[in-house]
Structure formats: C-alpha cells, structure tokens
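The lines below spell out each chain.
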Amino acid sequence: MTVRLVDWADEEGRFGHSLYGSSALSGQLAPDRAGRLTDRDGVSMRAALQESGIDLDRALEAGGARQHAAAYLELHIEQGPVLERQGLPLGVVLGTCGVERHRITVTGRAAHAGSTPMDARQDALLVLGRLSQEIYAMTERHGGVSTIGSVTTAPGIPTSVVETCEFTLDQRHLDPAGLAALWTEAQAHLARSCEEGGCTLTVSELFRIGPVPFHPDLIAAGEQAILDVTPGATRLPSGPLHDAAQVALAGIPTGMLFVQSLGGLSHNAAEDTCEADLLLSVRALDRLTDRAVAWITGDQATPPAR
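The structure presented is a predicted model; accordingly, all values stated were derived computationally and were not measured.

Section: the pattern of salt bridges
Any two side chains of opposite charge can pair, given that their charged atoms come close.
Point 1. Overall, the coordinates contain 14 salt bridges when judged by the stated rule.
Point 2. Across the pair Arg58 and Glu61 runs a salt bridge whose closest N-O atoms are separated by 3.0 Å.
Point 3. Notably, a salt bridge pairs Arg101 with Asp170, separated by 2.8 Å at the nearest N-O pair. Here the residue Arg101 occupies a position in strand 3 (residues 98-107), and Asp170 occupies one in strand 5 (residues 164-173), the gap between them amounting to 69 residues.
Point 4. Sharing partners across several salt bridges, the network here consists of Glu100, Glu205 and Arg208.

Describing the packing of helix 7 (residues 216-229) against helix 9 (residues 275-297)
Packed helices, taken two at a time, are described by their axes: the angle between them and the distance between them.
Point 1. With their axes 8 Å apart at the nearest point, helix 7 and helix 9 run at an angle of 135° to one another. By the angle between their axes, helix 7 is oblique relative to helix 9. Classified by chirality, the crossing of helix 9 by helix 7 is right-handed. Touching Asp217, Leu218, Ala221, Gly222, Gln224, Ala225, Ile226, Asp228 and Val229 of helix 7 are Leu280, Arg283, Ala284, Arg287, Leu288, Arg291, Ala292 and Trp295, all from helix 9.
Point 2. Its residues assigned to classes, the contact of helix 7 with helix 9 comprises ten nonpolar, two polar and five charged.

Remarks on the nonpolar core
Point 1. Counting residues in each nonpolar core, the largest one holds 34 residues, and the members touching the most others are Leu90, Ile209 and Phe214.
Point 2. At the level of secondary structure, the elements contributing two or more residues to this core comprise strand 1 (72-77), strand 2 (90-96), strand 6 (200-209), helix 7, helix 8 (243-249), strand 9 (254-259) and helix 9.
Point 3. Counting residues per element, this core draws most heavily on helix 7, which supplies five residues.
Point 4. Beyond its immediate sequence surroundings of up to four residues, Leu90 is in contact with Leu83, Ile226, Val229, Thr230, Ala233, Thr234, Phe258, Val259, Asp277, Leu280, Ser281 and Ala284.
Point 5. Within the second largest apolar cluster, 18 residues are counted, among which are Val106, Ala124, Met138 and Ala186.

Considerations on the side chain of Ser26
Point 1. Position of Ser26 relative to the elements: it lies in helix 1 (residues 20-26).
Point 2. Residue classification places Ser26 among the buried residues on the basis of a relative accessible area of 9%.
Point 3. There is a polar contact of 3.2 Å between the side chain of Ser26 and the backbone nitrogen of Gln28.
Point 4. Non-local contacts of Ser26, meaning those with residues more than four positions away in its chain, are made with Arg66, Gln246 and Ala250.

Remarks on unusual backbone geometry
A negative phi angle is the norm for most residues apart from glycine, just as the trans form is the norm for most peptide bonds.
Point 1. At the junction of Ala154 and Pro155, the peptide bond is cis and its omega measures out at 5° in the coordinates.
Point 2. Residue placement: Pro155 occurs in the loop between strand 4 (145-154) and strand 5.
Point 3. Phi is positive for Asp10, close to 50°, though the residue is something other than glycine.
Point 4. You can see Asp10 is positioned in the segment before helix 1.
Point 5. The residue Gln79 is not glycine, and still its phi comes out positive at about 70°.
Point 6. Along the chain, Gln79 turns up in the loop between strand 1 and helix 4 (82-86).
Point 7. Residue classification places Gln79 among the buried residues on the basis of a relative accessible area of 16%.

With respect to the packing of helix 5 (residues 124-142) against helix 6 (residues 176-197)
Point 1. At a minimum axis separation of 10 Å, helix 5 and helix 6 run at an interaxial angle of 155°. Considered as vectors, helix 5 and helix 6 are oriented roughly antiparallel to each other. Crossing of helix 5 against helix 6: the hand is right-handed. The residues of helix 6 that touch helix 5, namely those facing Val127, Arg130, Leu131, Glu134, Met138, Thr139, Arg141 and His142, are Gly178, Ala181, Leu182, Glu185, Ala186, His189, Leu190, Ser193, Cys194 and Glu196.
Point 2. By residue class, the composition of the contact of helix 5 with helix 6 is eight nonpolar, five polar and five charged.

What about the sheet that holds strand 5?
Point 1. Taken together, the four strands give an open sheet; going across it, the order is 4-5-3-6, and neighbouring strands pair in antiparallel fashion. On the outer flanks of this sheet lie strand 4 and strand 6, each paired with one strand and no other. Direction aside, neighbouring strands of the sheet carry axes that sit 15° apart on average.
Point 2. Relative to strand 5, strand 4 is paired through eight bridges, and the arrangement is antiparallel. Note that in strand 5 the partner of Ile148 across the bridge is Leu169.
Point 3. In this fold helix 5 packs onto strand 3, strand 4 and strand 5, with an angle of close to 10° to the strand it touches most, strand 5.
Point 4. Contacting strand 3, strand 4, strand 5 and strand 6, helix 6 crosses the sheet at an angle of about 160° to strand 5.

The rules behind these values
Residues numbered from 1 in each chain as written. Predicted model: local features only at pLDDT ≥ 70, side-chain atom pairs only at ≥ 80, totals over all residues. Heavy atoms only, no water. Salt bridge = Lys/Arg side-chain N within 4 Å of Asp/Glu carboxyl O. Helix = DSSP H or I, 4+ residues; strand = E, 2+ residues; numbered from the N terminus. Axes fitted to C-alpha atoms, helices over the stretch in contact; angles between N-to-C directions. Parallel < 35°, antiparallel > 145°, perpendicular 65-115°, else oblique. Left-handed = near helix turned anticlockwise from the far one by under 90°. Contact = heavy atoms within 4.5 Å. Nonpolar A, V, L, I, M, F, W, Y, C, P; charged D, E, K, R; others polar. Core = buried A, V, L, I, M, F, W, Y, C linked by side-chain atoms within 4.5 Å. Buried < 20%, exposed > 50% of the residue type's maximum accessible area, 1.4 Å probe, protein only. Polar contact = N/O pair within 3.5 Å; in protein donor to acceptor, adjacent residues only side chain to side chain. Pairing = 2+ DSSP bridges.

Written out as structure tokens, the structure is:
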C-alpha cells in the first residue's frame, strides 16, 4: 500500500477556471476552451502555462496518475462559520456544491452625466444594480449561495453614464435542481432588465460543475475518525470547491475533513484557525487514513467504529 501526497495546481482559478490541476487528472479539463480564458491582466491560461514550461495540450496526460488510486483523502479549513456556530472543531464533508459561474457583459450607451435626463439613459450599471438586489431574494427562495464578485465598467469616468458593465456571477447549490433554478431565474431577470433599460446582453460560461457527493463509507470513516479525537462530530456540505470534487468525479472514492475557521473567515487577511484545532485535525486525518487503508485492503468491510 502506497500513500502519495499531491500538491494541486491553481485550485482557486486565476483565469476563472477553478481546479486546474485536479481537473486535468480527472479528465474534466477542456484544454482548447481553458486555453482561451484570461486573467484580469489579459494573460491567457495557455500563455501563463507556457511561460512556466507547461504544455496545456498535454495536461490530460495527468490522468495516468489515476491508475491504481484506491481512495483520496483531504483535510481543509472550513472557510465558513458552521463549525464555530456549533462549537465543534471538526466536521466531515458530505460533498461539494455544484457551481455555475458566468461572465456577463451588459452594453448600454455612454452619455454625458450632466445633460442626459434620467429617463433617457441606457445605463448598463443599472441592470447590475437591479440584479444585485434580486440575487439575494432569488437565492433565499431556492437556497444555495450567489455572488457577484467582480465588476468592471466603461468608460469608467465620473462624467459619463456607464456604457458597458462586465461582471461575474457565481452560484452554488448542493442540489442540481436548485442550482439550475438559480441560473435560470438570474438569466430571466437579466433579460428583462436589459429590455427595460434599452441595453443588450452577452454571457460567457467561465466554469461549471455539478454537485459532487463523497463516498458514503469514507464519510462514515471520517465521522468516526473525528470521534476518536474529540467528543462531537457533524456532517456538512462544502460550498467552496475543492480538488477532492474532481478526484471524486474521476471515480476515486473520496473523503474530506473540515477544521473550524475562526469567525468563518476565508480569503481574508484575518483568516485563522486555532492551533489546538489544527492539532486535532491532523490526528483525525491520521485516524481516517488508518481506517481507509483497512477498508481498501479488506481488513474491514466497512470503516471500523471505535
């Protein structure tokens, strides 16, 4: 039995495409499409990889590493407030939410900020303003989470009505039907707002992945591993994407543990986790690894409870 450690490339998605390295391993990466994506400075994924000596067209060769892989385990900070609210240091992850991520460009007409009456404007930013309010209401109706994370306007000067407004919309849900409903309703609202405001609309898909459940036996093993080192455990979904999702999509049994994030903060300078909780998480991962090995080798038909 061999244990291999993996250092995945670009989980966060510099080019809007999350999980680059693990999607290459899973076979979910589309090199032609991914290569055309650009970062905020206009650098393409293909060019950035070439600069690092990597041939994007050979990325799918990483799939050879799937051979003989019997299980995958990952430990991660929660990046949210659930564990802290429950007073628990650790939790076992049920799976990752599905994601719909799009770049949306609304085009209106530039006009002088002083001389153009409010009812004569084709203001591209107004469409976003209306959506940003509605997005909370539609997400409350359907569940999940929705985020407008990046906004760019042009001409981008104080004295002009906004002609173009480009923004990203990231929507996540553990249920496929809920995820589909979020995106369908957002599109309908955008189309209606553009028509009312005399604007046009273009949409490009940045990233899409369905909800990914983790292996039930490894979920059970993870829960028991947590109970080996601390009195309480909980099961929770992951809103953030993780490389574990792509590994699971490749058909490799996958399990994941979360450790509490202080204040529920992530992607923030204040992101932190208690040292005592980190120690517990490493101990729990060790116990989970033992249980997974026993499960793989057949020493236990199902992950053992203690």
